[in-house]
Amino acid sequence: MNAIRFGSQFYTWQMSGQRYVGALPHITQIVRAAGFAGIEPETGMLGAYYDDPAALRDVLDQHGLTLGALTLVPDWIGPRESEPEIRETERVFSYLRNFPGAHLMLVQMPGIDRRDLRQRQQNVIGCINAVATRAAGHGIACSYHPNSPPGSLFRVLEDYKILLEGLDSRVVGFAPDTGHVAKGGIDVLELFETYRPLIRHVHFKDITAAGEWKAMGAGVIDFPRIVTRLRDTGYSGWIMIEDESVEAEMDPDAATQKNGEYLRQTLLPLVVAGV
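Below or above, wherever it landed, is the structure these notes cover. Values in this document were obtained by computation on a predicted structure and should not be read as measured data.

Each value, and the rule that gives it
Residues numbered from 1 in each chain as written. Predicted model: local features only at pLDDT ≥ 70, side-chain atom pairs only at ≥ 80, totals over all residues. Heavy atoms only, no water. 1 Å grid on protein atoms, 1.4 Å probe; cavity = no way out; pocket = protein on both sides within 12 Å on 5 of 7 lines; lining within 4 Å. Points joined across faces, edges and corners; volume = space filled by probe spheres on them. Helix = DSSP H or I, 4+ residues; strand = E, 2+ residues; numbered from the N terminus. Phe/Tyr/Trp six-rings, centres within 6.5 Å; stacked < 30°, edge-to-face > 60°. Buried < 20%, exposed > 50% of the residue type's maximum accessible area, 1.4 Å probe, protein only. Lys NZ or Arg CZ within 6 Å of the ring centre and 35° of its normal. Contact = heavy atoms within 4.5 Å. Expected span 1.5 Å × (residues − 1). Arc of directions from axis to C-beta.

### Things to note about the layout of surface pockets
Taken as a whole, the largest pocket holds about 410 Å³ of empty space. Lining of the largest pocket is provided by 25 residues; of these, Y11, E42, N147, H180 and E244 occupy positions nearest its centre. When contributions to the lining of the largest pocket are tallied by element, the ones reaching two or more residues are α1 (11-14) and α7 (178-183).

Written out as C-alpha cells, the structure reads:
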C-alpha cells in the first residue's frame, strides 16, 4: 500500500466563522463522500469533541476516516511559551494519545506586522523546538507550517531558510503549504526539492499568479508534479487539501466535493501508479 494519504483540512469550513464548530458528523460525511481518507481540524473546530476524544473516534469510525493531524495555533510572542500556552499544549498531547499516529501541526497565529523580525523569529523557533521535544517524549510526531498573511514571521524565502536551519529536525518536521509558499513569492517546486528531507506533512491549496486563492487545479500550482516527486522519493505521510477560495467560504461542502473530484481524477492515479 502506498504511504501517501490524502485528507481534508478544516480551514475550508473554519472560514465560515462559528457555523461549523463542532459539526464533526456533518463535515466527516462530506469529507468521506469526496473521497478523502482523513481529516485535519484545528483544536478550535472540535467544539465539544475536544472534551471527548472517544466521541470523535466514534464519528471517524462511522465514516471510515482517520485523524491524520490536529492543528495547534499558539501566539508565541515571547522567547518562551507562556503558561497558558504550555497548558494548552499539554492538553493537546493528552488528546492525541487517543489517536496513535496522528500528526501534530504547529502554526503560529500571524501577527499584525513584522517589526523586530529576526528576534521574533528566533523566539518562535525556540518555542517550536520546545513543544516538539516534549511531543516526542509522548511519541507524537509534529511539524511546523508557515503561513503567508502580511504579519507572518516566516513568509518569504529568506524567512524559510532561517526557519528550516533553526528547527531541530530530530523532533520536528517541515509542513509546507503550496499556496502559502507561492504567496510568499517562492518557487514551490524548488522549495519542495530543496527541503524534501525535512518534509513530514504537506498542505495543498491552489492560487493564481496574482495571489488569489482558487479550487484545486484552477490555479498555477503543479500538484501532479509535486505528488510524483513525493511518491518517487518515498514520502510517507499525509497531503491535506485545503481550499481558501471565495467559493469555499460561501459553500465549503461544495468546494470539498469539487476538490475531491480533482483528487480522484488527477492525484490518486499518480499514487496508485507508484505502488
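### Looking at the packing of aromatic side chains
A complete count under the given rule lists eight aromatic pairs for this structure. Relative to W13, the ring of F10 lies with its centre 5.7 Å away and its plane at 65°, an arrangement referred to as edge-to-face. Taken as a pair, F10 and W13 share a single burial class, namely buried. Ring geometry for Y160 versus F174: centroids 6.1 Å apart, planes at 80°, classification edge-to-face. Here F174 lies in strand β7 (residues 172-174) and Y160 lies in helix α6 (residues 157-166), a separation of 14 residues in the sequence. Each member of the pair, Y160 as well as F174, is classed as buried. One aromatic cluster is present, formed by Y50, Y95 and F99 through successive ring pairs. The ring of Y50 carries the charged tip of R91 above its face, separated from the ring centre by 3.6 Å. Here K205 stacks its cationic end above the ring of W213, 5.4 Å away from the centre of that ring.

### Brief notes about α6
For α6, the full list of buried residues reads D159, Y160, I162, L163 and L164. Looking at the packing, one finds that the buried side of α6 touches α5 (117-137), β6 (142-144), β7, α7 and α8 (188-194).

### Side note on helix α4 (residues 83-96)
With 14 residues, α4 extends 20 Å from end C-alpha to end C-alpha; this agrees with the ideal 20 Å at 1.5 Å per step. Within α4, the full set of buried residues consists of E85, T89, V92, F93, Y95 and L96. For α4, the angular spread of the buried residues around the axis is 165°, confining them to a single face. Opposite the buried face of α4, by more than 90 degrees, sit the exposed residues E83 and R87. At its buried positions, α4 is contacted by α3 (53-63), β3 (66-67), β4 (69-72), β5 (103-106) and α5.

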